[in-house]
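Per-entry structural report
Now for the letters of each chain:
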Amino acid sequence: MWTNSDGLRINIGVEEATLNKAGEYPDTIGNTRIVEVKVTPTGLALTPTLLDNFVSIPKGARIERVVVVANTAVTSGGAAVLNVGLRALDATTAIDEDGLVAALALASINAAGKTVDLVVGSTSAGALIGTTLSQAGLLYADYDTAAYTAGDISVRVHFRIL
């Protein structure tokens, strides 16, 4: 991938046909938008991993809630915890790397169908929930403590533009 002089990210070669793992759609109730990203926990590292090159949470978005769904059981050889956050569109400047999901315990996503609804004040709710973004951000995730060995999750970020 290459970033041109006006900040547009351009895929080159085999990356040109890479499918997105995320998308944005309107909530059918209320005036909110949802960014949903598929996360393969075995692809994460101790350092934040970019989840999708092209889907971002826009500047001015007020993060209302984050929902984490275990599509298949997530496993680990230890007590893995999940972090999800944002980096600026330059993909290097941290906004808050656990600002959406902060240290979500493995027990919360260790069976298919388990769903965690994170709002202000919830255990594992990141500091960005309930705030308005001053800049757009790309979704990043990582783990702490131990690596994941299996599983598939979806992360849905609910927001409205103020």
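Below is a summary of the structure that appears in this document. (Residues numbered from 1 in each chain as written. Predicted model: local features only at pLDDT ≥ 70, side-chain atom pairs only at ≥ 80, totals over all residues. Heavy atoms only, no water.)

**Considering the nonpolar core**
The tendency in soluble globular proteins is for nonpolar side chains to be buried side by side. Counting 37 residues, the largest nonpolar core has Val-66 and Leu-100 as the members making the most contacts within it. At the level of secondary structure, the elements contributing two or more residues to this core comprise strand 4 (33-39), strand 7 (61-76), strand 8 (81-88), strand 9 (94-105), strand 10 (115-118), strand 11 (137-144) and strand 12 (148-161). (Core = buried A, V, L, I, M, F, W, Y, C linked by side-chain atoms within 4.5 Å. Buried < 20%, exposed > 50% of the residue type's maximum accessible area, 1.4 Å probe, protein only. Helix = DSSP H or I, 4+ residues; strand = E, 2+ residues; numbered from the N terminus.)

**As for the sheet that holds strand 10**
The strands making up a sheet associate through hydrogen bonds between their backbones, and the pairing can be parallel or antiparallel. The strand order across the open sheet built from five strands is 3-4-12-7-10, with neighbouring strands paired in antiparallel fashion. The open sheet has two free edges, formed respectively by strand 3 (22-26) and strand 10, since each of these has just one partner strand. Each adjacent strand pair in this sheet contributes to an overall mean axis angle of 20°, direction not counted. Of the pairings in the sheet, the one linking strand 7 to strand 12 comprises 12 bridges and is antiparallel in character. Among the inter-strand pairings, Arg-65 is bridged to a residue of strand 12, identified as His-158. (Pairing = 2+ DSSP bridges. Axes fitted to C-alpha atoms, helices over the stretch in contact; angles between N-to-C directions.)

Interpretation note: all reported values are geometric properties and have no functional meaning in isolation.
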